[in-house]
Amino acid sequence: MLKVREAVVDSVSSSGSTTVFVLMGAANQELICDLEQRGGLRVVHCRHEAGAVGMADGYARFSHHVGMASVTSGPGVTNTATSLAVAHAHRSPVLLLAGDTAQGDLSNPQRFDQDAFTQLCAGDGGRITSPDQVSGMLHRADSALAASRPFALHLPTDVQEMTARPSSRHTPEPTGHVTSDDAPDHDAMAATAASLLTAADHPVILAGRGALNARTPLVRLAQLLGAPLITTLRAAGLFAGQSLEAGVAGPMGDGRGQRLLEESDAVLAVGTSLHPLAASALLQRRVPPRLIRIDTAPSADHLSYDAYLRTEASLGARSLERALTDRGLDESVPWWRHLVGSTRVHLPTGRTGGVVHPLVALDRLRNLLPEQRLLVIGGGHAALSACQMLPASGPRDFTCVSTDFGAIGQALPVAIGACFARPGQRVYHVTGDGELMMALAELHTAVRYRLPLTIVVLNDHGFGQERHNLHRAGRPGHHADYTGPDLATVANAMGASVYSITRQDELGILSGALGHEHGVVFVDIHIDSAYLNPVSAHVATAITLPRPI
């Protein structure tokens with residue numbers, strides 16, 4: 001007979017994950033020992049509970065297994081709030097194993113309704129109050145994780161020690177082909193969609209994160225139609241290396257995808273919710289293009305569709321391909337080639353010394369990065385430029401954390417989690433000083449575990465996006481100015497290999513920094529705080545104003 005905590009560990013240790021990120025307290029210390037000794041998991045000790053959940057999130061994003069974290073009761077749980085919300089927004093399968101106060105301990109100062117709290121943050125979870133709930137609760141957790149949703153499981157200390165029967169792991173059945181009951185006939189809708197696309201002079205294919213398994217049929221469709229392949233930011237890199245690839249839609253792309261959506265007369269949107277930030281080029285048009293959507297979700301309320309295949313991305317794409325069987329490959333010069341040659345981000349010219357322009361620094365960085373790289377972007381204003389300048393090498397190798405929940409302070413833990421998810425590969429993390437300071441303690445975690453992590457800080461000595469927002473509003477910008485510590489000195493004290501760049505004519509230092517192959521490398525680049533990314537106001541408006549209908 002097993003104790004409840006042992007039954008839980010036996011179940012979660014069979015998930016395929018090899019690592020759990022923890023911060024120990026009285027309510028989860030026995031559980032952590034079980035995870036290592038009984039479950040055979042590598043236990044990574046973090047500096048803050050938010051960091052533990054953030055690392056589990058990064059592990060999930062880059063390993064495509066469940067990311068696991070464990071924290072103690074009370075403040076241990078409340079400290080996870082933003083990281084759980086970020087995982088929920090990104091749809092990361094993160095399992096939080098939280099210790100909880102004993103059920104009869106009514107005077108414990110850490111006692112509160114943890115389950116209700118994490119339901120608000122993670123969207124799903126439960127509390128085991130008796131041994132006979134173990135199997136059912138683990139099945140619930142498996143179903144949520146299989147649907148790429150986080151789940152918070154709360155284990156009171158007294159219940160952990162109770163006797164439970166062994167629980168076999170439940171594997172949810174795949175959902176497969178999904179259509180709504182009242183949708184028109186699937187094949188007929190596919191035929192309608194195909195006719196709309198073949199009648200278009202300027203068709204575009206826009207793929208989101210829900211289309212990551214549909215690369216091959218979408219490339220085939222693009223070849224049949226002579227259409228460019230663009231993605232949302234969350235699917236960046238999906239078509240890397242394809243001749244018809246044309247960048248990322250929205251203001252955080254390099255401009256090509258935005259221009260093509262503005263000129264399109266038919267858009268095939270696959271696996272994307274068409275969030276207003278990504279679909280701004282469509283929403284702003286007086287005469288919208290024909291819109292065909294393939295997705296499993298219900299119709300969004302901010303756009304209307306000319307055809308909608310409510311099904312999984314690869315199935316819908318193959319249905320369209322069958323409907324276009326009689327159409328040969330379009331061998332002509334694509335209609336859109338002349339539109340994208342001049343829309344990439346333009347670099348400033350004439351400056352050779354003095355303060356560093358962030359675009360120049362990022363351009364130098366791009367040329368030094370390996371062709372295939374794991375890239376984690378964070379920050380506010382810094383993230384705008386980094387996403388525009390640093391293309392993804394593949395859809396499983398890139399994430400921009402600050403776009404998920406609009407939160408900063410989360411990206412360093414995600415980058416650390418990526419290191420554990422992809423052992424032997426170096427992770428490159430580009431961020432701003434404001435965000436880094438919010439998670440600075442976890443820099444020591446990266447050093448302590450000797451991770452292959454290169455951190456590049458675009459240091460504008462404050463919060464750049466807020467600084468520019470204040471200026472636009474006619475308010476004093478000093479509220480966003482932060483005179484921080486010498487980050488290079490701090491990183492050196494923690495044990496990182498450090499490089500500092502304060503002038504543009506010192507950017508040659510980047511070559512040595514990027515060539516450093518061992519442990520944590522920290523590059524502090526002091527950039528021009530006056531630089532305003534042209535899309536800054538657009539992004540600020542998209543976040544603060546209601547969604548357009």
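Here, the structure is the one placed above.
Residues numbered from 1 in each chain as written. Predicted model: local features only at pLDDT ≥ 70, side-chain atom pairs only at ≥ 80, totals over all residues. Heavy atoms only, no water.

### Observations regarding the packing of helix 1 (residues 4-12) against helix 2 (residues 29-37)
And then number 1: Running from N to C, helix 1 and helix 2 point in directions that differ by 40°, and their axes come no closer than 10 Å. In terms of their interaxial angle, helix 1 and helix 2 are classed as oblique. As helix 1 packs across helix 2, the resulting crossing turns out to be right-handed. Where helix 1 abuts helix 2, its residues Arg5, Glu6, Val9 and Val12 lie against Glu30, Leu31, Asp34 and Leu35.
And then number 2: Considering only residue class, the contact of helix 1 with helix 2 consists of 4 nonpolar, no polar and 4 charged. (Axes fitted to C-alpha atoms, helices over the stretch in contact; angles between N-to-C directions. Helix = DSSP H or I, 4+ residues; strand = E, 2+ residues; numbered from the N terminus. Parallel < 35°, antiparallel > 145°, perpendicular 65-115°, else oblique. Left-handed = near helix turned anticlockwise from the far one by under 90°. Contact = heavy atoms within 4.5 Å. Nonpolar A, V, L, I, M, F, W, Y, C, P; charged D, E, K, R; others polar.)

### Brief notes about helix 9 (residues 186-199)
And then number 1: Here helix 9 contains 14 residues, and its C-alpha end-to-end distance of 20 Å stays within 8% of the 20 Å for a straight helix at 1.5 Å per residue.
And then number 2: Within the span of helix 9, buried status applies to His186, Met189, Ala190, Ala193, Ala194, Leu196 and Leu197. Seen from one end, helix 9 has its buried residues packed into an arc of 160°, which puts them on one side. The outward face of helix 9, more than 90 degrees from its buried face, is lined by the exposed residues Asp187 and Ala199.
And then number 3: Its buried side turned inward, helix 9 meets strand 9 (203-207), helix 10 (215-225), strand 12 (266-270), strand 13 (290-295), strand 14 (307-310) and helix 13 (313-323). (Expected span 1.5 Å × (residues − 1). Buried < 20%, exposed > 50% of the residue type's maximum accessible area, 1.4 Å probe, protein only. Arc of directions from axis to C-beta.)

### Some words on unusual backbone geometry
And then number 1: In this model, leucine 274 sits at a positive phi of 55°, which is unusual for a non-glycine residue.
And then number 2: Mapped onto the fold, leucine 274 is located in the loop between strand 12 and helix 12 (280-283).
And then number 3: A positive phi is found at histidine 461, a non-glycine position, where the angle reads about 60°.
And then number 4: By the secondary structure assignment, histidine 461 is in the loop between strand 18 (453-459) and helix 20 (464-472).

### Structural notes on the packing of aromatic side chains
And then number 1: Applying the stated criterion across every chain, the model contains 6 aromatic pairs.
And then number 2: Relative to phenylalanine 420, the ring of phenylalanine 21 has its centre 5.5 Å away and its plane inclined at 75°; by these criteria the two rings are edge-to-face. Here phenylalanine 420 lies in helix 17 (residues 411-421) and phenylalanine 21 lies in strand 2 (residues 19-22), a separation of 399 residues in the sequence. For the pair formed by phenylalanine 21 and phenylalanine 420, the shared burial category is buried.
And then number 3: Ring geometry for phenylalanine 112 versus phenylalanine 117: centroids 5.7 Å apart, planes at 70°, classification edge-to-face.
And then number 4: For phenylalanine 117, a relative accessible area of 24% translates into the label partly exposed.
And then number 5: Members of the aromatic cluster, each reached through a chain of ring pairs, are Phe21, Tyr59, Phe420 and Tyr449. (Phe/Tyr/Trp six-rings, centres within 6.5 Å; stacked < 30°, edge-to-face > 60°.)

### Details of helix 21 (residues 487-494)
For an α-helix, 3.6 residues make a turn, and residues three or four places apart therefore share a direction.
And then number 1: Taken as a whole, helix 21 has its buried residues at Leu487, Ala488 and Ala491. Mapping the buried residues of helix 21 onto a view down its axis gives an arc of 100°, with all of them on the same face.
And then number 2: Structurally, helix 21 contributes buried residues whose contacts are with helix 18 (433-438), helix 19 (441-448), strand 18, strand 19 (497-501) and strand 20 (520-526).
And then number 3: If you check the start of helix 21, you find a side-chain oxygen 3.1 Å away from the backbone N of alanine 488, and it comes from aspartate 486.
And then number 4: Positive backbone phi, at 110°, marks glycine 495, one or two positions downstream of helix 21. (Polar contact = N/O pair within 3.5 Å; in protein donor to acceptor, adjacent residues only side chain to side chain.)

### Quick word on the environment of glycine 253
And then number 1: Positionally, glycine 253 belongs in the loop between strand 11 (245-248) and helix 11 (256-263).
And then number 2: C-alpha of glycine 253 to C-alpha of threonine 399: the two residues are 146 residues apart in sequence and 13 Å apart in space.
And then number 3: Setting aside chain neighbours within four positions, we find glycine 253 in contact with Val248 and Gln388.

### Focus on the side chain of arginine 422
And then number 1: Looking at where arginine 422 falls in the secondary structure, it is placed in the loop between helix 17 and strand 17 (427-432).
And then number 2: Since its relative accessible area comes to 16%, arginine 422 is described here as buried.
And then number 3: A polar contact of 3.2 Å, which involves the side chain of arginine 422, links it to the backbone oxygen of phenylalanine 62.
And then number 4: For arginine 422, the residues in contact, after removing those within four places along its chain, are Phe62, Gln372, Leu374, Arg396 and Asp397.

### A word on the pattern of salt bridges
And then number 1: All told, the structure shown has 21 salt bridges when counted by the stated rule.
And then number 2: Between aspartate 404 and arginine 234 there is a salt bridge whose closest N-O contact spans 3.3 Å. On the criterion of sequence distance, the pair formed by aspartate 404 in the loop between strand 16 (398-400) and helix 17 and arginine 234 in the loop between strand 10 (229-231) and strand 11 is long-range, its members being 170 residues apart.
And then number 3: Given the relative accessible area of 9%, aspartate 404 is considered buried. (Salt bridge = Lys/Arg side-chain N within 4 Å of Asp/Glu carboxyl O.)

### Describing the nonpolar core
It is characteristic of soluble globular proteins that their nonpolar side chains tend to be buried jointly.
And then number 1: Grouped together as the largest cluster of nonpolar side chains are 56 residues, with contacts concentrated most on Leu218, Leu260, Leu268 and Leu274.
And then number 2: In this structure, Ala69, Ala98, Val376 and Leu412 belong to the second largest nonpolar core, which totals 52 residues. (Core = buried A, V, L, I, M, F, W, Y, C linked by side-chain atoms within 4.5 Å.)

### Some words on the pairing of strand 13
Along any regular strand, the residues point their side chains to alternate faces of the sheet.
And then number 1: Burial runs high along strand 13: 5 of the 6 residues are buried.
And then number 2: The pairing of strand 13 with strand 14 spans 4 bridges and is parallel. Bridge assignment links isoleucine 292 to a residue of strand 14, and that residue is alanine 307. (Pairing = 2+ DSSP bridges.)

### Thoughts on the sheet that holds strand 7 (residues 151-156)
Backbone hydrogen bonds hold the strands of a sheet together, and the pairing may be parallel or antiparallel.
And then number 1: Taken together, the 6 strands give an open sheet; going across it, the order is 3-2-4-5-7-6, and neighbouring strands pair in parallel fashion. Looking at which strands have only one partner, the edges of the open sheet turn out to be strand 3 (42-45) and strand 6 (125-127). When the angles between neighbouring strand axes are averaged without regard to direction, this sheet yields 20°.
And then number 2: Helix 7 (residues 134-146) rests against strand 5 (94-100), strand 6 and strand 7 of the sheet, and its axis sits at about 160° to strand 7.

### Thoughts on the sheet that holds strand 18
And then number 1: Pairing is parallel across the open sheet formed by 6 strands, whose spatial order is 16-15-17-18-20-19. The open sheet terminates on both sides in strands that have one partner only, identified here as strand 16 and strand 19. Taken pair by pair, the neighbouring strands of this sheet meet at an average axis angle of 10°, ignoring direction.
And then number 2: When strand 19 meets strand 20, the two strands line up parallel, connected through 5 bridges. By the bridge assignment, isoleucine 501 is partnered in strand 20 with isoleucine 525.
And then number 3: Strands in contact with helix 21 are strand 18, strand 19 and strand 20; relative to strand 20, the strand with the most contacts, it is inclined by about 170°.

### Some points on the pairing of strand 4 (residues 67-71)
And then number 1: The element strand 4 is extensively covered by neighbouring structure, given that 5 of its 5 residues are classed as buried.
And then number 2: Going residue by residue along strand 4, you find Gly67, Ala69 and Val71 tucked away on one face and Met68 and Ser70 tucked away on the opposite face as well.
And then number 3: Pairing geometry for strand 2 and strand 4, over 3 bridges, is parallel. Following the sheet pairing, phenylalanine 21 is matched in strand 4 by alanine 69.
And then number 4: By the bridge criterion, 5 bridges tie strand 4 to strand 5 in an arrangement that is parallel.

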